[in-house]
Each structure stands twice: as C-alpha cells, then as structure tokens.
Amino acid sequence: MSNTGQEKFVPFGNNVVILPLDDVANDDGGLIIPDAVKKMLRRAIVLSAGPGTKDLPMEAVDGDTIYYQPHVNDVPFKQGDDEVVLLHQTRLLGKFLSI
C-alpha cells in the first residue's frame, strides 16, 4: 500500500462529502439565482459519496455538481487544503446532468 500522506474521507450509508463552491449567482447551465435565494442555496461538488442503504439508495456520485441547503448542523472539516462538508444526501436538492 502506497502512503502519499493524503487521506480521503469515505462516508458511510447515505452521507456525502462535498466541496462548497464560492458563487451561486450563475451556474454553468445559465440558471440565474435571485438574491433572496442565494443565502438558502449553495453549489458544491460531491467529493465522496457513501454506498447508500437498502431503504435509501445513494443518488449522488463522486464528481456530481449539486445544489444543497446550508444548515447549522453541517459538519465542516479540512481535507487536504480544502474546507469540505459532511452531510446526509437528503439535504441535496438536485444535481446537474449533461444533456
């Protein structure tokens, strides 16, 4: 096993680790988010998704760009140089698909 000094947190069950992105004013699809909604929505990239459970399969996969609602119960932590967040997949509002 190679030890590069880097660690990746792998969540259990229906939890995901996300990397919040800075700007939600516009997304890559051209969607414009009103000012009143910006505080309630954040865009992020899924860094690591748990396997899901029998009752609630995981809908997000590593690399998805998603919207989520920030909450006081978010669990932020450092992963490498990044400030990431651990949360339950039910807090994810949706993901972007290529069409």
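Owing to the predicted nature of the structure, the values given are computational and were not obtained by experimental measurement.

Quick notes on the rules
- Residues numbered from 1 in each chain as written.
- Predicted model: local features only at pLDDT ≥ 70, side-chain atom pairs only at ≥ 80, totals over all residues.
- Heavy atoms only, no water.
- Pairing = 2+ DSSP bridges.
- Helix = DSSP H or I, 4+ residues; strand = E, 2+ residues; numbered from the N terminus.
- Axes fitted to C-alpha atoms, helices over the stretch in contact; angles between N-to-C directions.
- Phe/Tyr/Trp six-rings, centres within 6.5 Å; stacked < 30°, edge-to-face > 60°.
- Buried < 20%, exposed > 50% of the residue type's maximum accessible area, 1.4 Å probe, protein only.
- Polar contact = N/O pair within 3.5 Å; in protein donor to acceptor, adjacent residues only side chain to side chain.
- Contact = heavy atoms within 4.5 Å.

1. Some points on the sheet that holds strand β3 (residues 65-68)
- Pairing within the open sheet is antiparallel, and its 6 strands lie in the order β4-β5-β1-β2-β3-β6. Unpaired on one side and paired on the other, β4 (75-79) and β6 (92-95) mark the two borders of the sheet. Between one strand axis and the next, the sheet turns through 40° on average, direction left out of account.
- Bridge count for strand β1 (residues 15-20) against strand β5 (residues 82-88) is 4 bridges, and the pairing is antiparallel.

2. Section: the packing of aromatic side chains
- This model, assessed by the stated rule, comprises 2 aromatic pairs.
- Between Phe-9 and Phe-77 the ring centres are 5.4 Å apart and the planes differ by 65°, which places this aromatic pair in the edge-to-face class. Pair noted here: Phe-9 is in the segment before β1 and Phe-77 is in strand β4, with a separation of 68 residues, a long-range link.
- Note on Phe-9: relative accessible area 37%, which makes it partly exposed.
- Taking the relative accessible area as the measure of exposure, Phe-77 reaches 22% and is therefore partly exposed.

3. Remarks on the pairing of β5
- As paired elements, β4 and β5 share 5 bridges and run antiparallel to each other. Across the sheet, the residue bridging to Phe-77 is Val-84, located in β5.
- Counting the residues between successive antiparallel strands, the hairpin from β4 to β5 contains 2 residues, one of them, Gly-80, with a positive phi of roughly 65°.

4. Remarks on the side chain of Gln-89
- Along the chain, Gln-89 falls in the loop between β5 and β6.
- From its side chain, Gln-89 meets the backbone nitrogen of Glu-59 in a polar contact 3.0 Å long.
- In this structure Gln-89 touches Asn-14, Leu-56, Pro-57, Met-58, Glu-59 and Ala-60, once residues within four positions along its chain are discounted.

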